[in-house]
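Observations on chain architecture
These are the residues of each chain, in order.
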Amino acid sequence: MQDYPWVEATATGVGSHPGDDREAHMEALRTVFGELPMPYLPELPGRGVGADMIGRSASLLVELPVEVQPSGWRFTDGVGRDLKRARDHLARDLDGLEEVAQGYAGPLKIQACGPWTLAGAVELRHGDKALADAGAVRDLTESLAEGIAGHVAQVRRRVPGARVVVQLDEPGLPGALTGTVPTASGFGRLPAVEAVTAGERLRTVISGLGDDVFPIVHCCAQDVPFGVLRTAGARGISLDASLLRRRDEDAIGEAIEAGAAFFLGVVPGTDSRLPDIGVVAKPALELWRRLGFTPARLAGQVVLTPACGLAGASPRYARAALARCRDAARVLREDPEDE
């Protein structure tokens, strides 16, 4: 049985929040630290260039500068305005984190793109995607591993009591494995990546985090590659519970048996009528029962989250969705057999 850095009946968020300025980010920080057993460093893509998932993660790359072109982010020769803006966003966010988290001790989650999603989005200097070049993917992976490790060190300096959970966002991994990622022109598809290679590159980033970091991988797409994630060293898997299919359950059961944590997305990421806590907890309870695991493991091994990021939601809904996940997580700690 794994030792998890959170207590039983835990909830958290995926990462993104609504808003487009510093005050909105500070409010998001106050929300996640006020509402959740496992707070996280919110991301506000609404702030524009450099605050988006790709730009924010690319800003962590070591000695691989990027810039924005009409087609998106691209590698370049030197540090320009776009990269400086992305780094400034992150520096201000860390300042805010340090302010709000003073005295905090407990699990703290941070997020960054995994190597495959980043390689499928950032273009090489000549315009093709990095994913098209095995050498470029290797270089990006090694640079990202160093950059995320440095980011973790920064977070630890700001919040000394944090037990750090690193979430690698890999919504692009299933497409890379199946060969459905479009070329830069959009007229073709890049060749499929072998599962062994996918696991090796992901493992490079995960192993670079060190033994005192709890690594999870978030994949809100269908066909989550459970085997690849486990062999890469992911100790937790984050996904949208509504996309799970019965054919996934053998792989999920094997992962649970091996001690992997599951972060289950159980409420919508955009404004909607939130169901009561029993309905929110139901996907986790039913999955556990179908797989035949002891209820005593449920509240420690499953963390409840929104289905995806909250950037498209209103601030009021974002707060309510996180609070609903928190309250539903408590149901998992009660006697699940009676639910």
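Figured I'd write up the structure that's included with this text. Just so it is clear, the model here is predicted, and its values are computed rather than measured.

What counts as what
- Starting afresh in each chain, residues are numbered from 1 along the sequence in its written order.
- Owing to the predicted nature of the model, reporting of local features is limited to residues with pLDDT of at least 70; listing and counting of side-chain atom pairs is limited to 80 or more, with chain, interface and lining totals taken over all residues.
- Each side-chain value is derived from all of the structure's non-hydrogen atoms; neither hydrogens nor water enter the calculation.
- Runs of H or I in DSSP of at least four residues are treated as helices and runs of E of at least two as strands, each being numbered from the N terminus.
- Radius of gyration: C-alpha atoms only; globule rule: 2.2 Å multiplied by the number of residues to the exponent 0.38.
- Exposure categories follow from relative accessible area, calculated using a 1.4 Å probe and restricted to protein chains: below 20% of the type maximum is buried, above 50% is exposed, and the middle band is partly exposed.
- The criterion used for residue contact is that any of the two residues' heavy atoms lie within 4.5 Å.
- Only the protein chains shown count as cover for residues, with accessible areas throughout obtained via the Shrake-Rupley method and a probe of 1.4 Å.
- A 3.5 Å cut-off defines polar contacts: any pair of N or O atoms within that distance qualifies, except that in protein one atom must be a possible hydrogen donor and the other a possible acceptor, and neighbouring residues in sequence count only when both atoms are side-chain atoms.
- Salt bridges, as used here, are contacts in which a Lys or Arg side-chain nitrogen is within 4 Å of a carboxyl oxygen on Asp or Glu.
- Paired rings are identified among Phe, Tyr and Trp, the last through its six-membered ring, by centres lying within 6.5 Å, and are further divided according to the angle between planes into stacked (under 30 degrees), edge-to-face (over 60) and tilted (the rest).
- Placement of a positive charge over a ring is assigned whenever Lys NZ or Arg CZ falls within 6 Å of the ring centre and within 35 degrees of the normal to the ring plane.
- One fewer than the residue count of a helix, multiplied by 1.5 Å, yields its expected span.
- Pairing between two strands requires that DSSP report at least two bridges joining them.
- The set of buried Ala, Val, Leu, Ile, Met, Phe, Trp, Tyr and Cys residues whose side-chain atoms join them within 4.5 Å is what this entry labels a nonpolar core.

Glancing now at the overall build of the protein. Each helix and strand in the protein was counted, giving twelve helices and eight strands. Taken over C-alpha atoms, the radius of gyration comes to 19 Å for the protein, in line with the 20 Å a tight globule of 339 residues would show. With the C-alpha coordinates of the protein rotated into their principal frame, the extents come out at 60 × 45 × 40 Å. When the 339 residues of the protein are sorted by exposure, 55% land in the buried category. Long-range contacts, defined as pairs at least 24 residues apart, comprise 74% of the intrachain contacts of the protein with a sequence gap of at least 6. Looking at the protein as shown, the accessible area adds up to about 13,900 Å², and 48% of this sits on carbon and sulfur atoms.

On to the side chain of Ser59. Relative to the elements of secondary structure, Ser59 occurs in the loop between α2 (53-58) and β1 (66-69). In this structure Ser59 comes out as buried when scored by relative accessible area, which is 6%. Within polar-contact distance, the side chain of Ser59 engages the backbone oxygen of Arg56 at 2.6 Å. Apart from residues lying up to four places away in sequence, Ser59 is in contact with Leu83, Ala86, Arg87 and Leu90.

Once that is clear, we can look at the pattern of salt bridges. For the coordinates displayed, the defined rule picks out 23 salt bridges. The residue Arg158 makes a salt bridge to Asp95 at a minimum N-O spacing of 2.6 Å. Linking Arg158 in helix α5 (residues 134-158) with Asp95 in helix α3 (residues 81-100), this pair joins segments that are 63 residues apart in sequence. A relative accessible area of 38% places Asp95 in the partly exposed class. Among the salt bridges present, the one from Arg246 reaches Glu249, with a minimum N-O distance of 3.8 Å. Residue Glu249 is classed as buried on the basis of its relative accessible area of 11%.

Evaluation of the coordinates by the stated rule reveals seven aromatic pairs. Seen from their ring centres, Tyr4 and Trp6 are 5.3 Å apart, and the 15 degrees between their planes marks the pair as stacked. By relative accessible area, which is 6% here, Trp6 ends up buried. With a centroid separation of 5.5 Å and 45 degrees between ring planes, the pair formed by Trp288 and Phe293 is classed as tilted. Considered together, Trp288 and Phe293 belong to a single accessibility category, that of buried residues. An aromatic cluster is present here, built from Tyr4, Trp6, Phe214 and Phe263 joined pairwise through their rings. A cation over an aromatic ring shows up here: Lys109 above the ring of Tyr40, its NZ or CZ 5.0 Å from the ring centre.

Here we take up α5. Here α5 spans 36 Å end to end across 25 residues, near enough to the 36 Å set by a 1.5 Å rise per residue. For α5, the side-chain oxygen to backbone nitrogen distance between the N-cap and Gly135 is 2.8 Å, and the N-cap itself is Asp133.

The subject of this paragraph is the pairing of strand β2 (residues 72-75). Sheet topology note: the β1/β2 ladder contains four bridges and is antiparallel. If you follow Gln69 over to β2, its bridge partner there is Gly72. Remark: two residues form the turn of the hairpin made by β1 and β2, two consecutive strands paired antiparallel.

Bringing the nonpolar core into the picture now. Of all hydrophobic cores here, the largest spans 98 residues; its most connected members are Leu97, Ile148, Phe262, Leu264 and Leu304. A per-element tally of this core places helix α12 (residues 315-333) first, with nine residues. In this structure Leu264 touches Leu239, Ala241, Leu244, Ala284, Leu287, Val302, Val303, Leu304 and Thr305, once residues within four positions along its chain are discounted. Core analysis: the next-biggest nonpolar cluster, separate from the first, contains nine residues, Tyr4, Trp6, Val165 and Phe263 among them.

Read these as geometric descriptors, not functional statements.
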